[in-house]
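# Commentary on secondary and tertiary structure
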Amino acid sequence: MRSLAGFQARAVFSPRVAIECMSRGLPDLLVLDIHMQGVDGHEVIRFIRRDPLLCPVPILAVSSDTQEAIVTSILASGANAFLPKPVEFDDLEQTILKILK
């Protein structure tokens, strides 16, 4: 498996846990699957963007739903970028580097 040199990742499996972790220390980037069981990813993005502490965190949204209207809605919710699933490693790497500059 290839790795993104210099990046550390932490996986959490619920928006509540992610937001709790973020409130203790902001990550450089949040990668968020839009389709989570029982949770609207668009609303999670909007919640983060409304919170003065969390709003600076760049968000990379991922989804297997690549309909133009869905992607447009995701970006309008406040995501900085979108990648379709399954995510290709090179696309992930380039998108992260572009977001974090």
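Here goes a summary of the coordinates provided. (Residues numbered from 1 in each chain as written. Predicted model: local features only at pLDDT ≥ 70, side-chain atom pairs only at ≥ 80, totals over all residues. Heavy atoms only, no water.)

## Things to note about the overall build of the protein chain
Inclusion rule: Under the scheme used here, helices are H or I runs from DSSP no shorter than 4 residues and strands are E runs no shorter than 2 residues, and both carry numbers assigned from the N terminus. It is over C-alpha atoms that the radius of gyration is taken, and the globule rule equals 2.2 Å times the number of residues to the power 0.38. Each residue is placed in one exposure class: buried if its accessible area under a 1.4 Å probe, protein chains only, is under 20% of its type's maximum, exposed if it is over 50%, and partly exposed if it falls in between. Here, residues are in contact when the closest pair of their heavy atoms is within 4.5 Å. When charges are counted, Lys and Arg are positive and Asp and Glu negative, with His and the chain ends excluded. To locate a charge, take NZ of a lysine, CZ of an arginine, CG of an aspartate or CD of a glutamate.
A tally of regular secondary structure across the protein chain gives four helices and five strands. Along its sequence from the N terminus, the protein chain presents helices and strands in the succession α-β-β-β-α-β-α-β-α. Relative to the 2.2 N^0.38 estimate, which gives 13 Å for 101 residues, the radius of gyration of the protein chain is 13 Å and therefore close to what a compact globule would have. Along the first, second and third principal axes, the C-alpha atoms of the protein chain reach 35 × 30 × 25 Å. Relative to its 101 residues, the protein chain shows a buried fraction of 32%. Taking contacts inside the protein chain between residues at least 6 apart in sequence as the whole, the part at least 24 apart equals 53%. Positive and negative side-chain charges of the protein chain, numbering 10 and 12 respectively, have mean locations separated by a distance of 6 Å.

## Side note on the pairing of strand β1 (residues 30–33)
As a reminder, the rule being used: Strand pairing requires that DSSP identify at least two bridges connecting the strands.
Of the two faces of β1, the one lined by Leu30 and Leu32 is fully buried and the one lined by Val31 and Asp33 carries no buried residue. As defined by bridge partners, β1 adjoins strand β4 (residues 59–63) across four bridges and the pair is classed as parallel. Among the inter-strand pairings, Val31 is bridged to a residue of β4, identified as Leu60.

## Some thoughts on the pattern of salt bridges
Note the cut-off: Definition used for salt bridges: Asp or Glu carboxyl oxygen within 4 Å of a side-chain nitrogen of Lys or Arg.
A full pass over the atoms with the stated rule returns four salt bridges. Notably, a salt bridge pairs Glu20 with Arg16, separated by 2.8 Å at the nearest N-O pair. You can see Glu20 and its partner Arg16 sitting in helix α1 (residues 15–24), four residues apart, about one turn around the helix. Linking Lys85 and Asp33 is a salt bridge whose minimum nitrogen-to-oxygen distance equals 2.6 Å.

## Here's the deal with the nonpolar core
We apply this condition: The term nonpolar core refers to a set of buried residues drawn from Ala, Val, Leu, Ile, Met, Phe, Trp, Tyr and Cys, joined through side-chain atoms within 4.5 Å.
Counting 15 residues, the largest nonpolar core has Leu30, Leu32, Ile45, Ile48, Ile59 and Ile74 as its most contacted members. Residue assignment for this core shows that the elements contributing at least two residues are β1, α2 (41–50), β4 and α3 (68–77). For this core, the element with the highest residue contribution is α2, accounting for three residues. Those residues within four positions of Leu32 in sequence are excluded, and the remaining contacts are Gly41, Val44, Ile45, Ile59, Leu60, Ala61 and Val62. One finds Val62, Ala81, Leu83 and Ile99 within the second-largest nonpolar core, a separate group that totals seven residues.

## So, the sheet that holds β1
In plain terms, the rule: A fitted line through C-alpha atoms represents every axis, and for helices the fit uses only the stretch in contact; the resulting angles, taken between N-to-C directions, go from 0 to 180 degrees.
Strands sit in the order β1-β4-β5 across an open sheet of three strands; the sheet is parallel. In the strand order of this sheet, the two ends are held by β1 and β5 (81–84), each with one partner. The average undirected angle you get between the axes of adjacent strands in this sheet is 25°. Sheet strands touched by α2: β1 and β4. Its angle to β1, the strand with the most contacts, is close to 150°.

## A word on the packing of α2 against α3
Heads up, the rule is: Just so you know how the angles are binned, under 35 degrees is roughly parallel, over 145 roughly antiparallel, 65 to 115 roughly perpendicular, and the rest oblique. For any helix crossing, the convention is left-handed if the near helix is rotated counterclockwise from the far helix by under a right angle, and right-handed if that rotation is clockwise.
Packing of α2 against α3 brings their axes to within 8 Å, and their N-to-C directions diverge by 20°. Comparing the axis directions of α2 and α3 gives the class roughly parallel. α3 is crossed by α2, and the crossing has right-handed handedness. For the pair formed by α2 and α3, the contact residues are His42, Ile45, Arg46 and Arg49 on the first element and Ile70, Ser73, Ile74 and Ser77 on the second.

Keep in mind these numbers describe shape, not what the thing actually does.
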